[in-house]
Structure formats: C-alpha cells, structure tokens
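Here are the chains, one letter per residue:
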Amino acid sequence: MMPCYQLPISQIRRFGLALMLPAALLGTFAFPTQVQTATAQTSQANRPLTIRADVQEYDAKNQVITARGNVQMLYPSRQLQATSAQAQYFSKERRIDFSGNVYILQQGGNSIRAEKVTYLIDEGRFVALPQSNRQVESIYMIEESNNSGQTATPAPQTPPLKPSN
C-alpha cells in the first residue's frame, strides 16, 4: 500500500467522496430539515404564543416577529390556531397580522378563511379582508337552545332567491 502523500489526486478525491457521501446521507436522516419555531411571551401572565415557519425574523427595537412560509401559529390561552403564508406579531400593539391564504380556527369550531386577517388580542376582535373579487368565509358554531335548556324550534324555511334581471 502506498502512503497517502504518494496517491494521485483523483484517488484522494474518490476516497474523500466515498467518506463524505455516507456522512451526508446520515446527516439527512439524523437531522431532517426542521421548520423554525419561536415562542413569544404575551404580557398577561406570560402565556406562550408558538409560531412555526420556514423563516422567522425578530426586530428587537420594534418588538415585531415576522414569520414567512408555511406559518403555523398556536395560541392556547386564546384557544386559537392559525395557518397562513406570513404572520407578524406586534407585541407592543398586541396585534397579529396574517396574510396569504389565512385560516384561523378557534376552539369550539369557529373559523375564518380570508386573504388578510388582523387579530386584536386585547379586544378579542378579528378584522378579515378577502382576495379581490372574493369573499371572507366565517363559520360560527351557534348553540341552538333556549334558557330552560330545551332545544329551540327550528327556523322557518327561507324562500329561494330569485335571480335579478
């Protein structure tokens, strides 16, 4: 066997490639690409707001977290889950702006689908805007019972809409 300092460059490169390929494959399986996760602490009793996204930035001066790409947000204290293309959490204003194919689900089944949604945390209020020539879709779960605990009578049938001329 020849000492390594006497091997031709091509053989050294092949040997290095032979060592690097299994290491690269092992790294792919052992350390899969993960989505970045951030947890913001809200001011009221430090309840977590968890954000997962492809890319995240934090502006310390303005205290704004920007998440882009496959954004997933979980806010258990507000019973809120959301997905969007981008989200920004403005901690000073206590506001979250979602944009791009926004879907928000609250515990109990209420949901909103829109292009842009602003969530005003302290007010518990959502402001939703649709894509152009589209509409916002909201689903609200309404309990159908009266005060005595009995189920309410069904609403009368609505007549079909007539097309306008």
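Relevant structure appears above.
Per chain, residue numbering runs from 1 following the sequence as it is written. Where local features are concerned, this predicted model is filtered to residues with pLDDT of at least 70; where side-chain atom pairs are given and counted, the filter is 80 or more; whole-chain, interface and lining totals use all residues. Only hydrogens and water are set aside when side-chain values are computed; all heavy atoms of the structure are taken into account.

**Thoughts on the overall build of the chain**
Counted only if it meets this: Counting from the N terminus, the helices are the DSSP runs of H or I reaching at least four residues and the strands are the DSSP runs of E reaching at least two. Burial status follows relative accessibility: with a 1.4 Å probe on protein chains alone, a residue under 20% of its type maximum counts as buried, one over 50% as exposed, and anything between as partly exposed. Whether two residues are in contact is decided by their heavy atoms: any pair within 4.5 Å suffices. Residue-level accessible areas treat just the shown protein chains as cover; the underlying method is Shrake-Rupley with a 1.4 Å probe.
Counting its regular elements, the chain contains one helix and nine strands. A burial count over the chain gives 21% of its 165 residues as buried. Sequence separation of 24 or more characterises 28% of the internal contacts of the chain that already satisfy a separation of 6 or more. Summed over all atoms, the accessible surface of the chain reaches about 12,600 Å², with 54% contributed by carbon and sulfur.

**Details of the nonpolar core**
What counts here: Here, the term nonpolar core denotes a set of buried Ala, Val, Leu, Ile, Met, Phe, Trp, Tyr and Cys residues that are joined through side-chain atoms within 4.5 Å.
In terms of nonpolar packing, the biggest core is built from 21 residues, with Met 73, Ile 96 and Phe 98 touching the most fellow members. Examining the composition of this core, we find that five residues originate from one element, strand β4 (residues 64-75), more than from any other. Apart from the residues within four sequence positions on either side, Ile 96 is in contact with Leu 49, Met 73, Tyr 75, Gln 88, Tyr 89, Val 117, Thr 118, Tyr 119 and Ile 121.

**Topic: the side chain of Arg 94**
Just so we agree on the cut-off: Any pair of nitrogen or oxygen atoms within 3.5 Å is treated as a polar contact; in protein, a donor-acceptor pairing is required on top of that, and neighbouring residues in sequence qualify only through side-chain atoms on both sides.
Looking at where Arg 94 falls in the secondary structure, it is placed in the loop between β5 (80-90) and β6 (95-106). Owing to a relative accessible area of 9%, Arg 94 belongs among the buried residues under this scheme. Side-chain polar atoms of Arg 94 contact the side chain of Asp 122, separated by 2.8 Å.

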